[in-house]
Amino acid sequence: MTWYIVRRLAISAVVLLGISAIVFFLLHVVSEDPGRVVLGQRASPEAVADFNREHGFDRPVVVQYLSYLDQLAHGDLGRSYKLNENVATVLGQHAARSAMLSLAGLLLALLIAVPLGILQAVRKGRVVDRATTAVSYVLYATPSFLLGLVLIAVFSQTLPLFPAEASSSHSAWVVFTDPRAMALPVITLAVTSVAIFSQYQRSSALEQLGQDYIRVARAKGLPERLVLRRHLLRNACLPLITLVGTLVPSLLAGNLIVESLFNYPGLGLLFLNSLQQEDYPVLLAYTLIGGVLTVAGSFGADLAVAAADRRIELEK
């Protein structure tokens, strides 16, 4: 296990290094003159040249990248052009709110999808299974922004149950302290995930229902609820654990749409504002966070599956 973890960490470091290099050089191609972006089109050529020289933007791009890696090694993500703040500080102010929003959406999705998928498997081919599958496909094909707009139209305008905008509080716990204001953003995040998770859960449960250990448990006369809860649930959830790990980065992308739609001050809204303002240090840091989440999600899913399924032995 120790050697496996060390090897995966080494591979993850190489992957993150590659992501940082690709994004850094792409942003350099997009913005060859950071001084002009920061100071504006009316700035004099002398002022732009002084700014680029002061911040090292007049050096070769490879030298700039190596300097950026040195900053990362010391925990420095750079400084925001537009906000005039340390990027790590800016991200820290928004990350907790986005994390709580993603966590709430993920928990709600799992609470609905796991029993729903098992119900579909047990009722395979019946009306409940067919109707739920059809609805899941429709929801999966529906873009998040369109789903959010429909929810606003129905539950905020037609039925004024929830506000159209999320809470403007900067507290990370606002998802739980003000659930009414955060209901629509959380539901928007959860619904699409439910459509995916329930189908994976259904397929996995169907496979497990055909296994010998399920037939033996039923032959012993165990009540159906105990067969499903004690024997089926754990094994049927293994593919879902892997799926959740691989979908961690997509939660970040989903937040981008939901936060902009509901005007929620998280990482997604910060990214959009930085994109409009061409604040490239923030964009680069945001992309690196996505890369870290991708690697960490995949790594965490592998370890979680290994812990949940005793039949799996990690390669030495």
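Residues numbered from 1 in each chain as written. Predicted model: local features only at pLDDT ≥ 70, side-chain atom pairs only at ≥ 80, totals over all residues. Heavy atoms only, no water.

**Quick look at the overall build of the chain**
The following threshold applies: Numbering of helices and strands runs from the N terminus, with a helix taken as a DSSP run of H or I at least four residues long and a strand as a DSSP run of E at least two residues long. Exposure classes here rest on a 1.4 Å probe applied to the protein chains alone. A residue is buried below 20% of its type maximum, exposed above 50%, and partly exposed in between. Should any heavy atoms of two residues lie within 4.5 Å, those residues are counted as being in contact. For every accessible area listed, the method is Shrake-Rupley and the probe measures 1.4 Å; residues are considered covered only by the protein chains on display. For the charge count, each Lys or Arg is scored as positive and each Asp or Glu as negative, with His and the chain ends excluded. A charged residue contributes its charge at one atom only: NZ of Lys, CZ of Arg, CG of Asp or CD of Glu.
A tally of helices and strands in the chain yields 15 helices and zero strands. By its C-alpha atoms, the chain is 85 × 60 × 30 Å across when sized along the principal axes. Scored against the burial criterion, the 316 residues of the chain give a buried share of 42%. Counted over contacts in the chain with a minimum sequence separation of 6, partners at least 24 positions apart contribute 71%. Accessible surface, the chain: about 17000 Å² in total, of which carbon and sulfur atoms supply 64%. Across the chain, the mean location of the 25 positive side-chain charges is 18 Å away from that of the 22 negative side-chain charges.

**Observations regarding the side chain of Ser-193**
Along the chain, Ser-193 falls in helix H9 (residues 179-209). With a relative accessible area of 12%, Ser-193 lands in the buried category.

**Describing the confidence of the model for the chain**
The cut-off we apply is this: pLDDT is a per-residue confidence score from the predictor, ranging from 0 to 100.
With 92% of its residues at a pLDDT of at least 70, the chain reaches an overall mean of 82. The spread of mean pLDDT over the elements of the chain runs between helix H12 (residues 238-246), the lowest at 74, and helix H7 (residues 144-158), the highest at 91.

**Looking at a nonpolar patch on the surface**
Counted only if it meets this: Within the patch definition used here, like charges are joined within 9 Å and nonpolar side chains (Val, Leu, Ile, Met, Phe, Trp, Tyr) within 5 Å, considering only residues with over 30% relative accessible area and no salt bridge. One speaks of a salt bridge when a side-chain nitrogen belonging to Lys or Arg is within 4 Å of a carboxyl oxygen belonging to Asp or Glu.
A cluster of nonpolar side chains, namely Phe-145, Leu-146, Leu-149, Val-150, Val-154, Leu-159, Leu-161 and Ile-257, defines an oily patch on the protein surface of about 640 Å² accessible area. With five residues, the single largest contributor to the nonpolar patch is H7. In this fold, Phe-145 is placed in helix H7.

**Looking at the packing of aromatic side chains**
So the rule is basically this: Geometry of aromatic contacts follows a simple scheme: Phe, Tyr and Trp rings, the Trp one being its six-membered ring, pair when their centres are within 6.5 Å, and the pair is stacked under 30 degrees between planes, edge-to-face over 60, tilted otherwise.
Counted under the stated rule, the structure contains seven aromatic pairs. Taken together, the aromatic side chains of Phe-24, Phe-25, Tyr-65 and Tyr-68 make up a single cluster linked through ring pairs.

**A short note on the pattern of salt bridges**
Summed over all chains, the structure comprises two salt bridges. Among the salt bridges present, the one from Asp-50 reaches Arg-53, with a minimum N-O distance of 2.3 Å. Of the two residues, Asp-50 and Arg-53 are both situated in helix H3 (residues 45-54); the distance of three residues between them amounts to about one turn of the helix. The residue Arg-202 makes a salt bridge to Asp-129 at a minimum N-O spacing of 2.7 Å. Taken together, the residues span a long stretch of sequence, with Arg-202 in helix H9 and Asp-129 in helix H6 (residues 127-141) at a distance of 73 residues. As far as burial versus exposure is concerned, Arg-202 and Asp-129 are alike and both buried.

**A few points about H3**
In plain terms, the rule: Comment: arc refers to directions from the helix axis out to C-beta atoms.
Restricting attention to buried positions, one finds in H3 the residues Val-48, Phe-51 and Asn-52. Buried residues in H3, looked at end-on, bunch into an arc of 95°, giving them a common side. Turned more than 90 degrees off the buried face of H3, the exposed positions are Glu-46, Arg-53 and Glu-54. Those residues of H3 that are buried are in contact with helix H2 (34-39). Where H3 terminates, the next one or two residues include Gly-56, which has phi positive at roughly 80°.

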